[in-house]
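For reference, the chains in residue letters:
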Amino acid sequence: MAEILANVISYFQQLPWLELIAMLLSLAYVILAAKGSLWCWPAAFVSTALYTVIFYDVLLLMDSALNGYYLLMAVYGYWQWSKNSNNSQDDNAELTIVSWDLSWHVKSCSGLAILAVGLGYLMANYTSAHLPYLDTFTTVYAVFATYLVANKVLENWLYWIVIDLVSIYLYIEKGLIPTTVLFVIFVIAACYGYGKWLTLYKKSAVKLQPATSS
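Residues numbered from 1 in each chain as written. Predicted model: local features only at pLDDT ≥ 70, side-chain atom pairs only at ≥ 80, totals over all residues. Heavy atoms only, no water.

Trainee: Hey, could you run me through the overall build of the chain in this one?
Mentor: Looking only at helices and strands, the chain has 8 helices and 0 strands in total. Starting at the N terminus and walking to the C terminus, you meet the elements of the chain as α-α-α-α-α-α-α-α. The 214 residues of the chain split such that 45% are buried. In the chain, of all internal contacts separated by at least 6 residues, the share reaching a separation of at least 24 is 74%. Accessible surface, the chain as shown: approximately 11000 Å² in total, 70% of it carbon and sulfur. (Helix = DSSP H or I, 4+ residues; strand = E, 2+ residues; numbered from the N terminus. Buried < 20%, exposed > 50% of the residue type's maximum accessible area, 1.4 Å probe, protein only. Contact = heavy atoms within 4.5 Å. Areas by Shrake-Rupley, 256 points an atom, 1.4 Å probe, with all protein chains shown as cover.)

Trainee: Even after reading the chapter, I still don't get helix H7 (residues 156-173), so can you show me in this structure?
Mentor: Along an α-helix, residues three or four apart share an orientation, since each turn contains 3.6 residues. Between its first and last C-alpha atoms H7 spans 26 Å; for 18 residues at 1.5 Å apiece the expected length is 26 Å, and the two agree. The complete set of buried residues in H7 reads Asn-156, Trp-157, Tyr-159, Trp-160, Ile-161, Ile-163, Asp-164, Ser-167, Ile-168, Leu-170 and Tyr-171. Downstream of H7 by a residue or two, Gly-175 has a phi angle that is positive, lying close to 75°. (Expected span 1.5 Å × (residues − 1).)

Trainee: Would you mind going over the side chain of Ser-47 with me for this structure?
Mentor: Following the sequence through the fold, Ser-47 ends up in helix H3 (residues 40-57). What Ser-47 contacts, discounting residues up to four positions off in sequence, is Ala-22, Leu-25 and Ser-26.

Trainee: Honestly, the packing of helix H2 (residues 17-35) against helix H8 (residues 177-204) in this entry has me stumped. Any pointers?
Mentor: In a packed pair of helices, the relevant descriptors are the angle between the two axes and the axis-to-axis distance. Running from N to C, H2 and H8 point in directions that differ by 5°, and their axes come no closer than 9 Å. The angle between H2 and H8 falls in the class roughly parallel. Taking contact as the criterion, the partners of Glu-19, Met-23, Ser-26, Leu-27, Val-30, Ala-33, Ala-34 and Lys-35 in H2 are, on H8, Ile-177, Pro-178, Thr-179, Leu-182, Ile-185, Phe-186, Ala-189, Tyr-192, Gly-193, Lys-196 and Trp-197. (Axes fitted to C-alpha atoms, helices over the stretch in contact; angles between N-to-C directions. Parallel < 35°, antiparallel > 145°, perpendicular 65-115°, else oblique.)

Trainee: Explain empty space enclosed by the protein to me, please; I cannot follow it from the model alone.
Mentor: The rolling of a water-molecule-sized probe over the atoms marks out the regions of remaining empty space. Under the definition given, this model contains 1 cavity of 30 Å³ or more. The volume enclosed by the largest cavity comes to roughly 440 Å³. Lining the largest cavity are 30 residues, with Tyr-29, Tyr-70, Trp-160, Phe-183 and Phe-186 positioned closest to its centre. Of the residues in the lining of the largest cavity, the class split is 20 nonpolar, 8 polar and 2 charged. (1 Å grid on protein atoms, 1.4 Å probe; cavity = no way out; pocket = protein on both sides within 12 Å on 5 of 7 lines; lining within 4 Å. Points joined across faces, edges and corners; volume = space filled by probe spheres on them. Nonpolar A, V, L, I, M, F, W, Y, C, P; charged D, E, K, R; others polar.)

In structure tokens, the structure reads:
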């Protein structure tokens, strides 16, 4: 018993606190996003600023670049949600959820896959990135999924479930244990988010196409 307690104390003494803070804020972002709160975006802004530094330090270069993008999307997402909320004065205003056709998602995923292979090749041959193809695939699809979140597209949560499952392996390989635990929770939170948004979508009965399609 004493040995177990000593090991626990030793673990917390060596715990990377910067990563832990980033982890907790990222978790807050997902939970608040699922609830439709504007506060998810400030939480996202701070957590992604921290993760930009953390991932660069362990040579997950695409993940570091991704979090730089998240910084911009946190600002865009806050503006978009506050502009389009049913009641912009209420931080928890009910979101108007939209759903985009399966054919549009298939075309988008195909294009993203080609882009990810190309970027993965560049990262593998011209940088010191570790697991370049896997890192690039999760990054490319996360960029797309974040855009869907900002535009309140129901299917974003399905993307996140897959992205988070793949990311769990990636972070285990890099020894980022708090972040690995975070992504396990993210999978659960994404399932909750999908259920929550699906309920809101059915209530509003909105079926829209993306503005880019004609």
